[in-house]
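Residues per chain, in single letters:
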Amino acid sequence: MAAAGAEVARSPGIGAGPALRARRSPPPRAARLPRLLVLLAAAAVGQGAGGAARLYRAGEDAVWVLDSGSVRGATANSSAAWLVQFYSSWCGHCIGYAPTWRALAGDVRDWASAIRVAALDCMEEKNQAVCHDYDIHFYPTFRYFKAFTKEFTTGENFKGPDRELRTVRQTMIDFLQNHTEGSRPPACPPLDPIQPSDVLSLLDNRGSRYVAIVFESNSSYLGREVILDLIPYESIVVTRALDGDKAFLEKLGVSSVPSCYLIYPNGSHGLINVVKPLRTFFSSYLKSLPDVRKKSLPLPEKPNKEENSEIVVWREFDKSKLYTVDLESGLHYLLRVELAAHKSLAGAKLKTLKDFVTVLAKLFPGRLPVKKLLEMLQEWLASLPLDRIPYNAVLDLVNNKMRISGIFLTNHIKWVGCQGSRSELRGYPCSLWKLFHTLTIEASTHPDALVGTGFEDDPQAVLQTMRRYIRTFFGCKECGEHFEEMAKESMDSVKTPDQAILWLWKKHNVVNGRLAGHLSEDPRFPKLQWPTPDLCPACHEEIKGLASWDEGHVLTFLKQHYGRDNLLDTYSADQGDSSEGGTLARGEEEEKRLTPPEVSHGDRDTQSVRPPAALGPRPALPESLHHSLDGKLQSLDGPGAHKEMGGTAPFLGVDFSSLDMSLCVVLYVASSLFLMVMYFFFRVRSRRWKVKHHHPAV
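These numbers were taken from a predicted model, which means no experiment stands behind them. Starting from 1, residues in each chain are numbered consecutively following that chain's sequence as written. This being a predicted model, a pLDDT of at least 70 is required before a residue's local features are given, and a value of 80 or more before pairs of side-chain atoms are given or counted; all residues contribute to the totals for chains, interfaces and linings. To obtain the side-chain values, all non-hydrogen atoms of the structure were used and water was disregarded.

(A) Here's a closer look at the pairing of strand β2 (residues 81-87). Burial analysis of β2 places seven of its seven residues in the buried class, which makes it a mostly covered element. Burial along β2 is two-sided: the face carrying Ala 81, Leu 83, Gln 85 and Tyr 87 and the face carrying Trp 82, Val 84 and Phe 86 are both buried. The sheet contact formed by β2 and strand β3 (residues 115-121) spans seven bridges and is parallel. Bridge pairing in β3 places Gln 85 opposite Ala 119. Remark: the β2/helix α5 (residues 92-107)/β3 crossover connection has right-handed handedness. When β2 meets strand β4 (residues 141-145), the two strands line up antiparallel, connected through five bridges. When the bridges of β4 are listed, Val 84 appears paired with Arg 143. For the exposure calls, accessible area comes from a 1.4 Å probe over protein chains only, and a residue counts as buried if that area is under 20% of its type's maximum, exposed if over 50%, partly exposed in between. Here a helix means four or more residues in a row that DSSP labels H or I, a strand means two or more in a row labelled E, and each is numbered from the N terminus. For two strands to count as paired, DSSP must find a minimum of two bridges between them. By convention, a crossover is right-handed whenever its connection, traced from the first strand over the helix to the second and viewed with the strands pointing away, goes clockwise.

Here it is in structure tokens:
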């Protein structure tokens, strides 16, 4: 407080008028008055923003945000220990330390059932009394609260040598180990090292789960950190042992520490191979083992307890690949479901759709028939002279009502890389993220694609277009608001296409961090910071104990992962399957022909048919299609808007309906009769003309 006051006193001109600054007598009053004005101005700014400026936001950060009404209930008789930062939102040091505190909370998110990272703002008027009760005099102040504390306590002061993230994390471990056996949080596994004899007994006993033993030095915290990282995961137990018995380590093949020795459920065992002996790599490897997954979160009980009859068909996939079927399924939902919720589009909505379709048509890296459909849709939208259209007209083109050869978009959803353990998990949001990433990659690697669209030379073109789409059309309003907040904060700082790629990647990881542990998280696919070490070892480093990114390698990885050369057509619907039933039937037949799960998927994927790298001539929009769609524009909700065409039959490679065939026959007969009538008419007329003008020779 004294330091803060001195800092304010050194700025006498802030908030004071010229007359006030000119008045130098008496000095004590001149020194006090500006300081008072500064404090009043700061309070007014905080209240004008809807209360004190918060450094931590509930639901946004991994930090548990407490206040006067929750701090005692949270820390008293809790099944978990707590580390609480008491801060003031005007404190410069608190503001500077906030990123570290948020990073710490995110770094130990998986420890939450054993120890939680929280914050309480003492500047808020309602919290001032409770901060006084906890004897808080300086900001920030860090206090530990043990689990199962029944009596009121002000907590234990933080005793670390510094406040670096690694130091605080290690003191959290020390604090957990200082709990007595009876008061230790139930979710916290044993953190003390086991003896060599215990290791041998583990090797001799077969169980139903994995057992990982981290061998490390006595001063190392890595083993305990990995143990706590795996708290939320089932089917695995992690423990630690020290490197004191060198002969025993040599017997197990442990040549250096830290190392991780894994005992499999079938009784086999051995060292695991990781690129770097770091906490991030060990934890990521153990979390990715077969049958190791996050414990399912309890969901609210539904009134109707009928069994779910839906059968989820699991499709094996390679997580290092990108699947066309995910992008096309996302496009299907976007164009036929999400946008179709709007009966008509006008003004800014129509402009957003036109721009978004333009970006899709120019940058979508998928199969040729889908690209041709998008190009045709973009051409039609660009040629519209109206400022309002019914979306039914767009649907008719997307559904290819005119049976134009060479354009196609699947009419059902089939997730592969975006499939979830339950039908309501992952899916469309996952595919939308993948689509957005591919668009930013294509804009960077193929900049000429946007020439002539008005988006050339604009590195933010793709980001701003998707931003407007999410704000205008994305079905999850809260998600759209979160994305808009992120865009307002930093999207304007993007100056190159590569920066656009990295901006979207960073914000995607921010969303992953916010949704980790949320009910929408799939236990089979936990929200992790991506790419994980197993996908891109070069992307990961540790600086002062904090996992960090090598953005150069991240950029290279993103361009490879989301590039068109990494796109597989496995599971994709055939273009010839125009009906949903036919598509589904063929999809099921395709899945039956695929390699079984126990066979390597590498060969199968490499044999996948690749789409052509370059497009042919841009398809001209047929005049008949113009007339058909223009008819839709006569009425926003015409009675014939949803009429389906009759059954189709292939003829000369083109699908014609029975009505089309009948009309062709009628027109053919009518034209033949007309030609015959005209022929005889002119033949008779010609003979009459010859008789009339005939002059016999003399």
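On we go.
(B) View of the packing of α5 against helix α7 (residues 165-177). Packing of α5 against α7 brings their axes to within 10 Å, and their N-to-C directions diverge by 45 degrees. Viewed along their axes, α5 and α7 adopt a mutual orientation that is oblique. The two elements α5 and α7 cross, and the hand of that crossing is right-handed. Counted together, Tyr 97, Thr 100, Trp 101, Ala 103, Leu 104 and Asp 107 of α5 and Leu 165, Val 168, Arg 169 and Met 172 of α7 form the full contact between these two elements. Helix axes are fitted to C-alpha atoms over the stretch in contact, other axes to C-alpha atoms as well, and angles between N-to-C directions run from 0 to 180 degrees. With respect to orientation, any angle under 35 degrees is reported as roughly parallel, any angle over 145 as roughly antiparallel, any angle of 65 to 115 as roughly perpendicular, and every other angle as oblique. Should the near helix be turned anticlockwise from the far one by less than a right angle, the crossing is termed left-handed; should it be turned clockwise, right-handed. Pairs of residues are marked as contacts when any of their non-hydrogen atoms sit within 4.5 Å.

(C) Spotlight on the nonpolar core. Nonpolar cores were defined as sets of buried Ala, Val, Leu, Ile, Met, Phe, Trp, Tyr and Cys residues, with membership established by side-chain atoms within 4.5 Å. Formed by 76 residues in total, the largest nonpolar core has its most connected members in Leu 335, Leu 377, Leu 381 and Leu 558. A total of nine residues in this core trace back to one element, the largest contributor, which is helix α16 (residues 428-445). Beyond its immediate chain neighbours, meaning those up to four positions away, Leu 381 contacts Leu 353, Lys 354, Val 357, Ile 389 and Val 394. Ranked by size, the runner-up nonpolar core spans 50 residues in total, among them Leu 83, Leu 165, Leu 191 and Cys 260.

(D) Examining the environment of Leu 353 more closely. Of note, Leu 353 is situated in helix α13 (residues 347-363). In sequence terms Leu 353 and Arg 468 are 115 residues apart; their C-alpha atoms lie 9.1 Å from each other. Setting aside residues up to four positions removed in sequence, Leu 353 forms contacts with Leu 339, Leu 345, Leu 381, Tyr 391 and Phe 473.

(E) Fine view of the sheet that holds β3. Within the open sheet, the five strands sit side by side as β1-β3-β2-β4-β5. Their pairing is mixed. With partners counted over all chains shown, the strands left at the sheet margins are β1 (64-66) and β5 (156-157), one partner each. Two elements, β4 and β5, share two bridges in a ladder whose sense is antiparallel. Its bridge partner being in β5, Arg 143 is matched across the sheet by Asn 157. Contacts between α7 and the sheet are confined to β2, β3, β4 and β5, with β4 contributing the most and set at about 30 degrees to the helix.

So far we have only geometry, and geometry alone does not tell us how the molecule works.
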